[in-house]
Amino acid sequence: MSTAPHFDIDAKDFWADPYPALARMRRETPIAFVPQLGSTLFTRRDDIFVSEKRIDVFSSEQPAGLMTRLMGHNMMRKDGDAHMAERSIFFPAVSPRAVRAHWRAEFQAHADGILGGLIPAGGADLLADFARPLSGECLKSVTGLTNIGFSEMDAWSQGMIDGIANYSGDPAVEARCRAATAGIDAAIDDMLPVVRKAPNHSLLSVMIHGGMPEANVRHNIKLAISGGQNEPRKAIAGTIWALLTHPGQLALVRDGKIGWLAVFEEFARWISPIGMSPRRVAKAATVNGVDLEPEDRVFLMFGSANRDKAHFADADRFDLTRDTAKSIAFGAGPHFCAGAAASRAMIADVALPSVFARLKGLRLDAREPVRIGGWAFRGLFNLPVRWDA
Ligand code: HEM
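**A short note on the side chain of Arg322**
- Relative to the assigned elements, Arg322 resides in the loop between α15 (302-305) and α16 (340-358).
- A distance of 3.0 Å separates a polar atom in the side chain of Arg322 from the backbone oxygen of Asp314.
- When sequence neighbours within four positions are dropped, the list of residues in contact with Arg322 reads Glu266, Arg269, Phe312, Ala313, Asp314, Ala315 and Arg317.

In structure tokens:
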């Protein structure tokens, strides 16, 4: 029997704002079983940082898990050599070098096109009208699925994310997820002959020509779409919102005292777009006096780690002057986000400077409130703003 103490949450409150409950857990029961989630949550930064590397205990192999069942057995659900064999073929397409050489300029062209169309309107929902098309267009380029529209990219990503969090087994949610994966397979069917004939820098091309079996290429393209659309979309909108609601912090950026990368990193610490990553306990282990049993499900709570006052003073505050080196918003082990360099370029090099340079007098539209929610995946649902047309 696991000896993790139980900690009850109100699932609705936790979705609306998980941070008060997580703060109590870090203080009172840092490793706790939460019956409402059927999982043991690790909430302190150091426990997560150390445990994520112990892959013999905290395995990513979750054959019965929703991600593997619905999206296929991708590298994020593999350990050790099996994981590295795929990651080493995947990574060159999105390495910092590839981002500098190919993607940054393409991302900028996408942002310029989208903003150029928006400017005369004098107002928009920047989540729907800027962050969504920008992350969709960038991900089309990176994956190589340039034969689809950005709204398909967005809908398929959402369909898969909802599907893999469908712990209540809602058949309609599962059907949408299966429709998304079928759509992606059809788009891959169309593009495979193209990249086989004329290799390019995309993930599809790099993985196929790198010798990865076609079935695994398909699983990893789906993985890139599930993580590569929603998170940048939420981070772009969220960071703009954080700056507009903290004018003193925005002034530091406008005065050249803080760079855009520091802004994005502090936002991702403050409201981590991916709040947790699951693991399966592969063998009995004791962590900080808590016994864990094989087959227990553990959630590594990155969002909680990033508010841990052992590492971040006044952690609930959005503060651009803080040192974010201890943030684990992109993970802390062998599964460290493969898209981190692409995200930093898309958000810090392109989206934020372009929006604040081109939308003069940018301000929130007071007529419509901003909505925010989620704990596994957290972020804004809208960002109504106005500017001087
Ligand atoms: C704001 C943007 C993003 C955030 C905050 C984010 C965060 C994360 C996190 C927390 C993980 C899990 C790390 C772990 O378990 O240790 C992850 C994994 C991953 N992410 Fe991202 N991500 C973002 C954007 C992207 C993009 C744009 C792509 C693709 C182009 C991407 C591709 C991946 C992949 C493939 C993995 C699995 C890596 C592996 O298993 O080795 N992510 N990401």
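**So, the coordination of the iron atom of the ligand**
- On the protein, Cys337 (SG) is the one donor atom to the iron atom of the ligand, at 2.3 Å.
- In this structure, Cys337 sits in the loop between α15 and α16.

**A word on the packing of helix α12 (residues 230-244) against helix α14 (residues 260-270)**
- The geometry of α12 relative to α14 is characterised by a closest axis approach of 10 Å and an angle of 100° between their N-to-C directions. Taken together, the axes of α12 and α14 lie roughly perpendicular to each other. Here Lys234, Ala235, Gly238, Thr239, Trp241, Ala242 and Leu243 of α12 come into contact with α14, specifically with Trp260, Val263, Phe264, Phe267 and Trp270.
- For the contact of α12 with α14, the residue count by class is nine nonpolar, two polar and one charged.

**Brief notes about the environment of Asp112**
- The topology assignment puts Asp112 in helix α6 (residues 96-118).
- Asp112 gets classed as partly exposed once you look at its relative accessible area, which sits at 34%.
- Through-space distance from the C-alpha of Asp112 to that of Val355 is 9.5 Å; in sequence the pair is 243 residues apart.

**Notes on the sheet that holds strand β8 (residues 297-300)**
- Taken together, five strands build an open sheet; the order of strands is β1-β2-β8-β5-β3 and the sheet is mixed. Edge positions in the open sheet fall to β1 (31-34) and β3 (58-59), since each of these has one partner strand only.

**Focus on the packing of aromatic side chains**
- Within the structure shown, the criterion is met by ten aromatic pairs.
- Plain terms: the ring middles of Phe14 and Trp375 are 5.5 Å apart, the flat faces sit at 50° to each other, and that makes the pair tilted. Of the two residues, Phe14 is situated in helix α1 (residues 11-16) and Trp375 in the loop between β10 (372-373) and β11 (379-380); the sequence distance between them amounts to 361 residues. Side by side, Phe14 and Trp375 carry an identical accessibility label, which is buried.
- Centre to centre, the rings of Phe264 and Phe330 are 6.1 Å apart; their planes meet at 65°, and the pair counts as edge-to-face. A residue pair is termed long-range when its members are at least 10 positions apart, and Phe264 in helix α14 and Phe330 in the loop between α15 and α16 qualify at 66 residues.
- Above the ring of Phe49, the side-chain terminus of Arg45 is found at 4.3 Å from the ring centroid.
- The residue whose ring lies beneath Lys53 is Phe49, and the NZ or CZ to ring-centre distance is 3.3 Å.

**Overview of the pairing of strand β2 (residues 39-42)**
- Because side chains alternate across β2, one face comprises the buried residues Ser39 and Leu41, and the other comprises Thr40 and Phe42, equally buried.
- In terms of strand pairing, β1 meets β2 through four bridges, oriented antiparallel. Its bridge partner being in β2, Ala32 is matched across the sheet by Leu41.
- As consecutive antiparallel partners, β1 and β2 are separated by four residues, and within that stretch Gly38 has a phi angle of approximately 60°, a positive value.
- Summarising the sheet, β2 and β8 pair through three bridges and their orientation is parallel. Opposite Leu41, over in β8, you have Phe299 as the bridge partner.

**Quick look at the nonpolar core**
- Leu126, Phe130, Leu145, Ile221, Ile240 and Leu362 are the most contacted members of the largest nonpolar core, which totals 91 residues.
- With twelve residues, the single largest contributor to this core is α16.
- The residues contacting Leu145, other than those within four sequence positions of it, are Lys140, Ile184, Ala187, Ile188, Met191, Leu204, Ile221 and Ile225.
- Listed in part, the 17 residues of the second largest apolar core include Ile48, Val281, Leu292 and Phe302.

**Quick look at the pattern of salt bridges**
- One pass over the full model with this rule turns up 25 salt bridges.
- Put simply, Arg363 and Asp388 hold a salt bridge, and the shortest N to O gap is 3.0 Å. Residue Arg363 is found in strand β9 (residues 363-364), and its partner Asp388 is found in the segment after β12 (384-386); the two are separated by 25 residues along the sequence.
- One network of salt bridges, in which partners are shared, links Asp185, Asp189, Arg196, Glu214, Arg218 and Lys222.

**Focus on the site of the ligand**
- The ligand sits among 29 residues. The nearest are Glu52, His83, Arg87, His335 and Cys337.
- Contacts to the ligand include Ser277, whose side-chain N or O atom sits 3.2 Å from an oxygen atom.
- One of the side-chain N or O atoms of Arg279 is found 3.1 Å from an oxygen atom in the ligand.
- Every element with two or more residues in the shell around the ligand is listed here: α5 (80-90), α11 (214-228), α12 and β5 (277-281).

**Side note on the sheet that holds β9**
- Pairing is antiparallel across the open sheet formed by three strands, whose spatial order is β4-β12-β9. In this open sheet, the two strands that pair with only one neighbour each are β4 (123-125) and β9.
- Of the strand pairs in this sheet, β9 and β12 are connected by two bridges, and their pairing is antiparallel. When the bridges of β12 are listed, Arg363 appears paired with Arg386.

Rules used throughout
- Residues numbered from 1 in each chain as written.
- Predicted model: local features only at pLDDT ≥ 70, side-chain atom pairs only at ≥ 80, totals over all residues.
- Heavy atoms only, no water.
- Helix = DSSP H or I, 4+ residues; strand = E, 2+ residues; numbered from the N terminus.
- Polar contact = N/O pair within 3.5 Å; in protein donor to acceptor, adjacent residues only side chain to side chain.
- Contact = heavy atoms within 4.5 Å.
- Donors = N, O, S within 2.8 Å, 3.2 Å for Na, K, Ca; no water.
- Axes fitted to C-alpha atoms, helices over the stretch in contact; angles between N-to-C directions.
- Parallel < 35°, antiparallel > 145°, perpendicular 65-115°, else oblique.
- Nonpolar A, V, L, I, M, F, W, Y, C, P; charged D, E, K, R; others polar.
- Buried < 20%, exposed > 50% of the residue type's maximum accessible area, 1.4 Å probe, protein only.
- Pairing = 2+ DSSP bridges.
- Phe/Tyr/Trp six-rings, centres within 6.5 Å; stacked < 30°, edge-to-face > 60°.
- Lys NZ or Arg CZ within 6 Å of the ring centre and 35° of its normal.
- Core = buried A, V, L, I, M, F, W, Y, C linked by side-chain atoms within 4.5 Å.
- Salt bridge = Lys/Arg side-chain N within 4 Å of Asp/Glu carboxyl O.
- Near = heavy atom within 4 Å.

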